[in-house]
Every structure is written in C-alpha cells, then in structure tokens.
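Next come the chains, spelled out residue by residue.
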Amino acid sequence: MADDSDQEKTEAATPRKLEQAREEGQVPRSRELATFAVTMTGVAMLMMTGAQIYRTLGQILERSFTFNGKTLLHSESMLAELKQSTFDILLALAPILGALFVIAAAVPILIGGWNFSGKAIEPKFSKLNPLSGIKRMFSVSAALEGGKAILKSLVIGGVATSVIWKERDEILNLITLPVERSMATLVGLMEYTFLVVVGAMLLIVVVDVPFQLWNYQKNLRMSKEEIKQEYKQSEGSPEIKGRIRQLQREAARKRMMQDIPTASVVVTNPTHYAVALKYEEGMRAPKVIAKGSLRLAEKIIESAKEHKITLMRTPPFARALYHHAELGEEIPQALYTAAAQVLAYVFQLKQYQTQGGFAPIYPENLPVPPELDPASKDPLSS
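Let me begin by describing the structure that accompanies this report. Positions within a chain are numbered from 1, following the residues in the order the chain's sequence is written. Side-chain atom pairs in this predicted model are given and counted only at pLDDT of 80 or more, local residue features only at pLDDT of at least 70, and totals for whole chains, interfaces and linings cover all residues. Excluding hydrogens and water, the side-chain figures rest on all heavy atoms present in the structure.

## Description of a nonpolar patch on the surface
Put simply, the test is: Grouping into patches uses exposed residues only, defined as over 30% relative accessible area, and leaves out salt-bridged ones; the cut-off is 9 Å for like charges and 5 Å for nonpolar side chains (Val, Leu, Ile, Met, Phe, Trp, Tyr). Here the accessible surface of atoms and residues is derived via Shrake-Rupley with a 1.4 Å probe, and residues count as covered only by protein chains that are part of the display. One side-chain nitrogen of Lys or Arg within 4 Å of one carboxyl oxygen of Asp or Glu is enough to make a salt bridge. In this description a helix means any DSSP run of H or I spanning at least four residues, a strand means any run of E spanning at least two, and both kinds are numbered starting from the N terminus. Residue exposure (1.4 Å probe, protein chains only): buried if accessible area is under 20% of the type maximum, exposed if over 50%, otherwise partly exposed.
Together, Tyr54, Val179, Met183, Leu186, Met190 and Phe194 make up a nonpolar patch on the protein surface, roughly 600 Å² of accessible area in all. Top element by residues in the nonpolar patch is helix H10 (residues 179–219). It accounts for five residues. Positionally, Tyr54 belongs in helix H3 (residues 31–64). Its relative accessible area of 56% is what places Tyr54 among the exposed residues.

Shown next as structure tokens:
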C-alpha cells in the first residue's frame, strides 16, 4: 500500500519540474482569452476607424470604376493604379492590423509568460503514430475540449440569435430607408451585435483561464517517488557526496602538507596535536597553515623536521589552536599574546643560531585562556 501511495501523482510540481516543462514548451495558455482579446480589439478598432476606412474604400472604388481612356489603353497605367489602390487599402487597414498583431502577441504572456523553446518545434515521429492519435482523440482532455467547444457555440450562437431576433423588425425596415441611412443603421446594429457577442465570450474566458491554470498544474503533478528521485539527481546520492567530500579533504590535506615548508613554527601537544603557524612582516596576526591530530600530526612533525622548521612543545597552546583556529585563517585574538611569545622565541633562536650570543629562554606557561583549552575541562582530551 505504501508503494502504491508513493506512485500516485498527488504532489505539486517542483521548481525543477516546472523549469523542465517550460524548456519543452509546456506553459499554460488559454485560446479563449486570445480569441476574446483579438475579437474585442478588432471590434473596438472598427468602431474607432470604421468611418475613415469607409471613406477610403469609397474613394478607391470611385477611382477604380471611373473609366479613363488613357488608363484603359495602357496596361502600365492600369498596373500603377492597382498598386496605388492596394497601398491605400493596406494603409487604411494598418491601424487595425497593427493592433491585432500586438494583442495576439501580448495576450498569451498574461497567464504563461513569454517562452520560446526549440524543443517544442522539433519534429517528433511519435506524433505520426496513428494509435497515439486515436488515443488522444478519445482522451479526457479531448472530451473536455470538445464539450467546451459545444458550450461555446451554444452560448455565442444563442446570444447572437437572440440579438438578431430582438432587432428583426428594425432589420426588415432597412429596405424602406434611404441607402445612406440604411447603411448607417446597419453598421450600428452590427456594432451592437458584436459587442454583445464579445460580452458572451468574456463569460467563457472567466471560466476557461482558471481551468487552464488548474489543468496545467494537475498535468505536472508528481509522485513522492519522483520527487525523491529528482532530489537524488540534483543533490547527488549520499555515497557520491561522501566520496566528493573525501576527495576534497584529501586535496586540502595535500595542499596543507605542501605549505608546511613556509611555516614559521610548529607547535605540538607533543603527539596528539600539531599546528603550523606562519607569520611574516605586514601580517596582522599569525595564520594557521596546517593542523592535524594523531597520525596527521605525526606527518606534520616529520615534515617540519625534514624542512628544519622549529618545533615547540606547547600543549595548552597547541590544543587551543587546534580546536579554535581555522585552517588558512588568523588565530583568535585571545591567543595573540601566547603567539607573540612563541614567535619571539623562534626569531631569537634563529638569531642565536646564526650570530651567537645569549640563548633565548624557552617560554613556559603560555597565557592560554582556560576556556580555549579543552584539557582544562576534560583532562582525557589532552
């Protein structure tokens, strides 16, 4: 039962799943919203520019059907007249065509955002499979789309029929009116009918947009097992992550051992811990360039001996550095005084070894705060 529940697609899509869907061209879209917006824009533009278009088309018709002997006898003149008429028609319709183009491109962004995917236009031979096509034809999604198309036809057709039936007397009366008045009345009736039909389309849009958003999220739902697999793929399995951390530690340890020859001093516990410090003129405080315990501490001590780095047995100071100083960073401020005494001894020792004089005094009882020395709380940690 638990396995079955893990396979049920009950979980919302993860951000990665949504990103993959967009990469494949799957975004929520509402064709009803686009149809409504384009139709409404067309009606509005016709209402605003209809008079100008009517005058322009009238002038073109008058010019085209006026017989001109010069034009009739010269095909070049007729071709020029045709080009001019075509240009005038396109110029008159340009505002409407431009508005429709902008709306058609902008409206889909409202619910799905702008998205261009090359995968969506890649040829897929699986779409040529007739069995898959038949399966899509009889799917739940196809049934819903078919029902929506029938409902849309009934709503829009019913509204349009109702409006026309309501204005039937006025429509029949057009034949008794003068031509100009009849045309003006007819245009008014058409505008009214279009507005009512577009209003009916708005009702369909109000229902379709939430449905498309819900259906999009529903189709992308994931099972608990799919979420687990995605997490493993994105984060990596524990075994791989453990192996990566091991390689990182080995690389860091290798770099650390390579830095020991540049150390100023190595302080020890003497066998449990070893910490290499480096201090040069201009540095604010000594920096830890290597540290380790047990076997690694032995390797640090061996490397220090090999490169003739001064070794100092300072158990409390070494323990405090190992537990509270980070590799590659400066030592804590509370250990500055102890570090100063250690480095002063190292520099005096080098001067004594090269120039002679009085041997420096080995620093005992370094000032290490008890809270930084684990041995002060647990003697077994030393």
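## Quick notes on the pattern of salt bridges
Where charged atoms from two side chains of opposite charge come close, those side chains can pair. Going through the model one piece at a time under the given rule, you end up with three salt bridges. Among the ionic pairs, Glu330 bridges to Arg284, the shortest N-O distance being 2.7 Å. Here Glu330, found in the loop between helix H14 (315–324) and helix H15 (336–355), pairs with Arg284, found in the loop between strand S4 (273–278) and strand S5 (287–293); they are 46 residues apart in sequence, far enough to count as distant. According to the relative accessible area criterion, Glu330 is partly exposed, its value standing at 30%. The class for Arg284 is exposed, based on a relative accessible area of 68%. Of the charged contacts, one joins Glu298 and Arg295 as a salt bridge, the two residues approaching to 3.0 Å between their closest N and O atoms. Taken as a pair, Glu298 and Arg295 lie in helix H13 (residues 295–306) at a separation of three residues, close to a single helical turn.

## Some remarks on the nonpolar core
We apply this condition: Residues grouped as a nonpolar core are buried Ala, Val, Leu, Ile, Met, Phe, Trp, Tyr and Cys residues, joined through side-chain atoms within 4.5 Å.
Counting residues in hydrophobic clusters, the biggest one holds 23 residues, and the most contacted among them are Val265, Val267, Leu277, Phe317, Leu321 and Leu335. Contributions of two or more residues to this core are made by strand S3 (265–268), S4, H14 and H15. Counting residues per element, this core draws most heavily on H15, at seven residues. Residues Leu296, Ala297, Ala304 and Ile309 belong to the second largest nonpolar core, which totals 14 residues.

## Concerning the sheet that holds S4
Defined as follows: When DSSP finds at least two bridges between two strands, those strands are taken to pair. Comment: axis = line fitted to C-alpha atoms, over the contacting stretch for helices; angle = value between 0 and 180 degrees taken between N-to-C directions. We call two residues contacting when some pair of their heavy atoms lies within 4.5 Å.
The sheet built from four strands is open, its strands ordered S5-S4-S3-S6 with mixed pairing. Strands with a single pairing partner mark the edges of an open sheet, and in this sheet they are S5 and strand S6 (311–313). Direction aside, the axes of adjacent strands within the sheet are offset by 20° on average. Sheet topology note: the S3/S6 ladder contains three bridges and is parallel. Within S6, the residue paired with Val266 across the bridge is Leu311. In this fold H13 packs onto S3, S4, S5 and S6, with an angle of close to 125° to the strand it touches most, S5. The sheet contacts of H14 involve S3, S4, S5 and S6, and relative to S4 the element is tilted by about 80°.

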